[in-house]
Every structure is written in structure tokens, then in C-alpha cells.
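Residue strings, one per chain:
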Amino acid sequence: MANEVTYADLKFRDSPVAQRIQEFDNIQEIEHPAPSPAWRWSALGLLTLCVLLLLGLASLGILFFQAKKNIEQLTGVEKNLSLQLDISANISKEKDLIQSNHSFALKKVATKLCRELTSIKQDHACKPCPENWHWHRDSCYWKTSVLNLDESRKVCAERNSSLVKIENKEELVYVASKLKAYHWLGLTRNISSDQWVWEDGSTLSPDLIEIFPERNQRNWKCAFAYLHKFLLDNCNGNHPSICEKAAGPVKMSW
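Calculation rules
- Residues numbered from 1 in each chain as written.
- Predicted model: local features only at pLDDT ≥ 70, side-chain atom pairs only at ≥ 80, totals over all residues.
- Heavy atoms only, no water.
- UniProt positions renumbered as here; feature names shortened; annotations may be inferred.
- Core = buried A, V, L, I, M, F, W, Y, C linked by side-chain atoms within 4.5 Å.
- Buried < 20%, exposed > 50% of the residue type's maximum accessible area, 1.4 Å probe, protein only.
- Helix = DSSP H or I, 4+ residues; strand = E, 2+ residues; numbered from the N terminus.
- Domains from an automatic or database assignment.
- Contact = heavy atoms within 4.5 Å.
- Patch = residues over 30% accessible without salt bridge, like charges linked within 9 Å, V, L, I, M, F, W, Y side chains within 5 Å.
- Areas by Shrake-Rupley, 256 points an atom, 1.4 Å probe, with all protein chains shown as cover.
- Salt bridge = Lys/Arg side-chain N within 4 Å of Asp/Glu carboxyl O.
- Polar contact = N/O pair within 3.5 Å; in protein donor to acceptor, adjacent residues only side chain to side chain.

As annotated in an unreviewed UniProt entry, the protein carries the name C-type lectin domain-containing protein and is attributed to Ornithorhynchus anatinus. As stated in UniProt under Subcellular location (unreviewed entry), the record for the protein gives "Cell membrane".

Listed below in C-alpha cells is the structure:
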């Protein structure tokens, strides 16, 4: 039996690498279940939502840049409009100034011409005073008949005027040239303060003229004018008076 060959089954233990390969092959052979329809629809919905969000963001970006561009254009238009308005306002001011200067110059020439005409004809149509009133500087003067002081004030008031107020020596010279008798003035004396006051409340300028009081009659408080003098009166006498009011504009249509 020496020549008998004995066969023995040998079983080798697989190596770890071989085991892993075998396991991997087994896994591949396992068939995975197919995804459910609900999951597919959810995935499709999420994808659609992402696309819509991207489109929305893109649209918002476009709108933002368009709005910014429009705002810049409007700002430029507003600046240009503001500049045009400023230019127009300046032109309007210059126009008004030119018209004002032109009107003033025209009025000055017309006034000078009218004075020359009224020196020839007292009641010329250009005169800015009522008929029978005398025109001097910026005032009109008119003589009343012989009246007491209260009556004189009333007559002047009826003609929108008041008893004359003499403000400077040049006016005093003019008024004195018209006086040929005693005339009432709009001047009275405050007994307590001993100040002479015109009817508008202003006081008599001390360097204008001196008041000549009558002897022993210092309590008299009215004044009348004669030539270049102001004399006291007891306010009860009767004299003519001079009314004064502001002259109107020279009449251009002659």
C-alpha cells in the first residue's frame, strides 16, 4: 500500500481582502427598491421653487438698477429745473428793477416838466393837486376863509387834509411867501411840558423858528403864523388857515 496516493481535501481560510470583495459583490447583487412617487414630486417642487427664487432675485436686481437709474435721471432733471427757475427768477428781478428805474426816471422827468408847466399855468391838467390848491414839493396847500381854530380843522378834514405842518426852513419860506395875514397853524403847546406839538404828534424843531410869546400870556397854547414868525394866540380868535395834504402822482395824460 506504499504506492497509494491519499487525497485530502484542504480548506483554506479566506483572507480578509477576499471576504470584503465577496461582501461587496453580494451588496451589488442586492436590488434596491425604486424611489416612491411622493419623493419625486417633492424634489421637483423644491427644484421649481429654487428656479423661481433665482428668477425673482434676478428680476429684483434688474428693477433695483432701473429704479436707481430713474432716480439719478430725476435728480438731474430736478437740478436743471431748479437752475432754470433761478435763472428765470433773476431775469424777472432784473426786469422789475429795470421797469422800476425806468418808471422812476419817467416820473422824475414828468414831474419836472409839470412844475414848469404849472409855473406858467397854475391849474395845468398835469398838476397832482386839486383845483385852487398850490403845489410845492410833495405837498398841496390851500387857504381857508376866516374861521376859528376848530372850524379851520373841520374844513381841512373835509378835504382830506390837516392844518399845515412846517418841517423845514425851505417850507417855511414857501409858506411865508403866501401869507399876507395871520394864519392858523397845526401847532399847539402842551402846557404841562411846555412843548410845541404838531397835529400828528411830532414836536416843533427848536432850530426851525422861534416862538414869540406875548407878554404875560404864556398860558396861551395856540400859534398862528405871520410872515416868518410864529405868534401865540388864546385859540379863540378868527384867522384864515392853511390846509396841507400829500400831493398825488403827476398826471401823465395831459
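**A closer look at the nonpolar core**
Residues Trp 133 and Val 250 are the most contacted members of the largest nonpolar core, which totals 20 residues. At the level of elements, helix H2 (37-120), strand S2 (139-143), helix H3 (149-158) and strand S7 (222-226) are the ones that each hand at least two residues to this core. For this core, the element with the most residues is H3, which contributes 3 residues. Shared between two domains, this core takes at least three residues from each, and those domains are domain 1 (47-126) and domain 2 (134-246). Here Val 250 is in contact with Ala 110, Thr 111, Cys 114, Cys 126, Pro 128 and Trp 135, once residues within four sequence places are set aside.

**Observations concerning a nonpolar patch on the surface**
Among the surface-exposed residues, Trp 41, Leu 44, Leu 47, Val 51, Leu 52 and Leu 55 lie close enough to one another that they form a single nonpolar patch of about 660 Å² accessible area. By the element assignment, Val 51 lies in helix H2.

**A short note on helix H4 (residues 169-177)**
For H4, the set of buried residues is Glu 171, Leu 172, Tyr 174, Val 175 and Ala 176. Here the buried face of H4 lies against strand S1 (134-136), S2, strand S8 (229-233) and strand S9 (242-246). Measuring from the backbone nitrogen of Glu 170 back to the side-chain oxygen at the start of H4 gives 3.3 Å, which picks out Asn 168 as the cap.

**Section: the UniProt feature "transmembrane region" (unreviewed entry) in the protein**
Listed under "transmembrane region" (unreviewed entry) in the UniProt record, and renumbered for this structure, are residues 41-65. As annotated, residues 41-65 has a helix share of 100% and a strand share of 0%, and its two end C-alpha atoms lie 36 Å apart.

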